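Observations on the three-dimensional arrangement
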Amino acid sequence: MTIDFISDLHLDKTRPEVNKYFINYLDNINKDVTDLYILGDLFEYWVGDDDPMDGLNEIRSSISLLGSKINIWYMHGNRDFLISKKICSILNMRLLEDPTVITKNGQRLLLLHGDTLCTDDKEYQKFRSLVRSDEWQNQMLSKSLEERLALAENLRMKSINANAHKKESIMDVNINEIDMLIDSYKPNIIVHGHTHRPNIHKHNFNQEYIYRYVLGDWYNRFFILSLKNKAFIISKGNLK
């Protein structure tokens, strides 16, 4: 039995090589994989249930087909948080809360997208609170599809420009936030994405080591974390 974890693919029609690799991964996933956890930002953005998934219809079909065979679990990211339970159901995925704890092979795993850990980026956390509110989302979904697509593209460009002028340190996780998370959830393992800084961190908490696996993005490389029995295996490589 194997479980795969991925995040931060940011799929859209402008990077067909990523889309092609992801489809190949879904269509030819290892036969011993029983569960696939997608920990946010599968898509570059999502504007509502009527999002046309422009250029991504083949991906929609591959996700749905695989979801009829194995368990696909989906968690909102900071780009595609408007994906609804209805869309997850259509794509044969199950929507997860952020954070979520699962127990596998005697290990307690804490799963999250990771943006809530970046508390030093106060500008982003303020924005996150705004767009995750029911009021903002209701206003957003009341707009026409064309308006929502334009707004999503505008927000994406603003995010890119804002991040270009921020210190690298404030866009990474806050260690105190990690400690509070460990204290609250008592995990053996933490898995998250968002920061685009793949690594394995070891946290000493009450004289016990907690391992934190940070997933990589799918821009120039693919990144898959697999849990096989009790061993974690990282698969990565170039996409171009």
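Residues numbered from 1 in each chain as written. Predicted model: local features only at pLDDT ≥ 70, side-chain atom pairs only at ≥ 80, totals over all residues. Heavy atoms only, no water.

1. Comments concerning the overall build of the protein chain
Note the cut-off: Helix numbering and strand numbering both begin at the N terminus, where a helix is a DSSP run of H or I of at least 4 residues and a strand a DSSP run of E of at least 2. Note on method: radius of gyration uses C-alpha positions; expected globular size equals 2.2 Å times residues raised to 0.38. A simple rule labels every residue: compare its accessible area, found with a 1.4 Å probe on the protein chains alone, to the largest value its type can have, and call it buried under 20%, exposed over 50%, or partly exposed in between. It only takes one pair of heavy atoms within 4.5 Å for two residues to be counted as in contact. Working definition of accessibility: Shrake-Rupley area with a 1.4 Å probe, residue cover restricted to the visible protein chains. We count Lys and Arg on the positive side and Asp and Glu on the negative side, and we leave His and both chain ends out. We put the charge of a Lys on NZ, of an Arg on CZ, of an Asp on CG and of a Glu on CD.
Scanning the protein chain from N- to C-terminus turns up seven helices and 11 strands. What you see for the protein chain is a C-alpha radius of gyration of 18 Å, in line with the 18 Å of a compact globule of 240 residues. Residues classed as buried in the protein chain amount to 49% of the 240 residues present. Sequence-distant contacts, at least 24 apart, represent 65% of the contacts inside the protein chain between residues at least 6 apart. Here the protein chain has roughly 12200 Å² of accessible surface; of this, 49% comes from carbon and sulfur atoms. Distance between charge centres in the protein chain, computed from 31 positive and 33 negative side chains, equals 4 Å.

2. A word on the sheet that holds strand β8 (residues 199–205)
Where we set the bar: Two strands pair under a simple rule: DSSP has to find at least two bridges between them. For every element, the axis is a line fit to its C-alpha atoms; helices are fit only across the contacting stretch, and the angle between N-to-C directions ranges from 0 to 180 degrees.
The mixed open sheet is built from five strands, whose spatial order is β5-β6-β7-β9-β8. Of all strands in the sheet, those with a lone pairing partner are β5 (100–104) and β8, marking the two edges. Here the average twist between neighbouring strands, direction ignored, is 25°. Of the strands in this sheet, β5, β6 (107–112), β7 (189–192), β8 and β9 (208–214) are in contact with helix α7 (residues 175–185), which crosses β8 at around 65°.

3. Topic: the sheet that holds strand β3 (residues 71–75)
Read across the open sheet, the six strands follow the order β4-β3-β2-β1-β10-β11; overall the sheet is mixed. The open sheet has two edge strands with one neighbour each: β4 (94–96) and β11 (231–238). Each adjacent strand pair in this sheet contributes to an overall mean axis angle of 25°, direction not counted. As defined by bridge partners, strand β1 (residues 2–6) adjoins strand β2 (residues 33–38) across five bridges and the pair is classed as parallel. Directly across from I3, in β2, lies its bridge partner D35.

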